[in-house]
Amino acid sequence: MIDFEAITSLSEYYNLHTHTQFCDGHAPMSEMAAAAAALHYTTLGFTPHGPVHIESPCNMSRDYIPAYFAECDRLRQLYAGRMEILRGMEIDYLDPRHGPSSQYYADLGLDYSIGSVHFVANRKGEQWDCDGSPERFGRYVREHFCGDLRYVVEKYFAAVCDMLTRGGFHLLGHFDKIGRNADAVEPGVEDCEYYLRGVEDVLACIHDTGVAVELNTKYLKDTGRLFPNVRWLPMVMETGATLVVNSDAHYPDKLDNGRPEALKLIE
Ligand SMILES: [Zn+2]
Ligand SMILES: [Zn+2]
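Let me sum up the structure you'll find in this document. This structure is a prediction, so every number in the text was calculated from the model and none was measured. (Residues numbered from 1 in each chain as written. Chains lettered and ligands numbered in written order. Predicted model: local features only at pLDDT ≥ 70, side-chain atom pairs only at ≥ 80, totals over all residues. Heavy atoms only, no water.)

1. Let's talk about the sheet that holds strand E9 (residues 243-246)
Short version of the rule: DSSP-based pairing: two strands are paired if at least 2 bridges between them are found. Elements are defined by DSSP. Helices are runs of H or I of four residues or more, strands are runs of E of two residues or more, and each kind is numbered from the N terminus. When checking whether two residues touch, look at their non-hydrogen atoms; a contact exists if any pair is within 4.5 Å. In this analysis an axis means a line fitted to C-alpha atoms, helices contributing only their contacting stretch, and an angle means the value between N-to-C directions, from 0 to 180 degrees.
If you trace the 7 strands from one edge of the open sheet to the other, you get E1-E2-E3-E4-E7-E8-E9, paired in parallel fashion. At either end of the open sheet lies a strand with only one pairing partner, and these are strand E1 (14-15) and E9. Sheet analysis places strand E7 (residues 171-172) next to strand E8 (residues 212-216), joined by 2 bridges and oriented parallel. From the neighbouring strand, Leu171 faces E8, where its bridge partner is Ala212. In the packing of helix H3 (residues 65-78) onto the sheet, contacts are made with strand E2 (43-46) and strand E3 (84-92), and the angle to E3 comes to roughly 155 degrees.

2. Focus: the coordination of the zinc ion (ligand 1)
Keep this limit in mind: Counted as coordinating are nitrogen, oxygen and sulfur atoms within 2.8 Å of the metal, or 3.2 Å for Na, K and Ca, while water is not included, which may make sites look incomplete. We call a residue buried when its accessible area falls under 20% of the maximum for its residue type, exposed when it is over 50%, and partly exposed in between, using a 1.4 Å probe and counting protein chains only.
Here the zinc ion (ligand 1) is held by Glu90 (OE), His118 (NE2) and His174 (NE2), and the distances to it run 2.1 to 2.2 Å. A distance of 3.3 Å spans the gap from the zinc ion (ligand 1) to the zinc ion (ligand 2), which Glu90 bridges by coordinating each metal. Of this pair, Glu90 sits in strand E3 while His118 sits in the loop between strand E4 (112-116) and strand E5 (119-121); the two residues are 28 residues apart in sequence, bridging distant segments of the chain. Take Glu90 and His118: they sit in the same class, and that class is buried.

3. Here's the deal with the pairing of E4
Most of E4 sits out of view: 5 of its 5 residues are buried. Covered by surrounding structure in E4 are Tyr112, Ile114 and Ser116 together with Ser113 and Gly115, the residues of both alternating faces. Sheet topology note: the E3/E4 ladder contains 5 bridges and is parallel. In the sheet register, Glu90 faces E4, and the bridge partner there is Ile114. Judged from the 2 bridges that link them, E4 and E7 form a sheet pairing that is parallel. Considered in E7, the bridge of Gly115 is made with Leu172.

Distances and angles like these do not, on their own, reveal function.
As structure tokens, then:
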């Protein structure tokens, strides 16, 4: 069982959320590992977007899992004694039957997994990726959710809560990432009662499950925004959850993006 407390207290030089050639990352794992070694990382975790049963260009295919594991093992040997390499996965929650709690992922033999919600189902049951650009998100809300932003936000947080309740993963990924896109569609939405209720429900689930929580720095430099939003951080810390500071890097030169600033913030 992975010990996030041990990893995060060993040094500040770690990152447990990275994407490479096996999903929508923009460099091979070897280049990500070399960048991590140059930063004197003690631990590097790879987390390709796991296979899903719906069409998604960002997610890895089941067929690539053996090659992914083989490359993890090769790099683990290459950096033995200098940096620990972990074979992880960022697993999508789609619905109660398809998510991190599915037996398929448990049987893979991962070192750890991140549970994340990227897709939200509309009233017809179609899954739409709400994690992309604010422009695309705005279009999806108009075209596939009848312009009902509240429905999308409530569905999103309900999915995060259901994922937490069902378990099967080790680290909660960017739990309020919908906030960035929702705020672009309707500025100030994070002050709406329904939005606040969604965050409160997630915080209660974090408290009840004792799961570790990611502080995702991917957009800190570009937008000044962390996931979770800094305004929720004191409440997250009150739950007693272990915080893991990850950059969600898709490029080697962005591996440490925002991490030093976020680490200073939580100090
Ligand atoms: Zn993600
Ligand atoms: Zn990610």
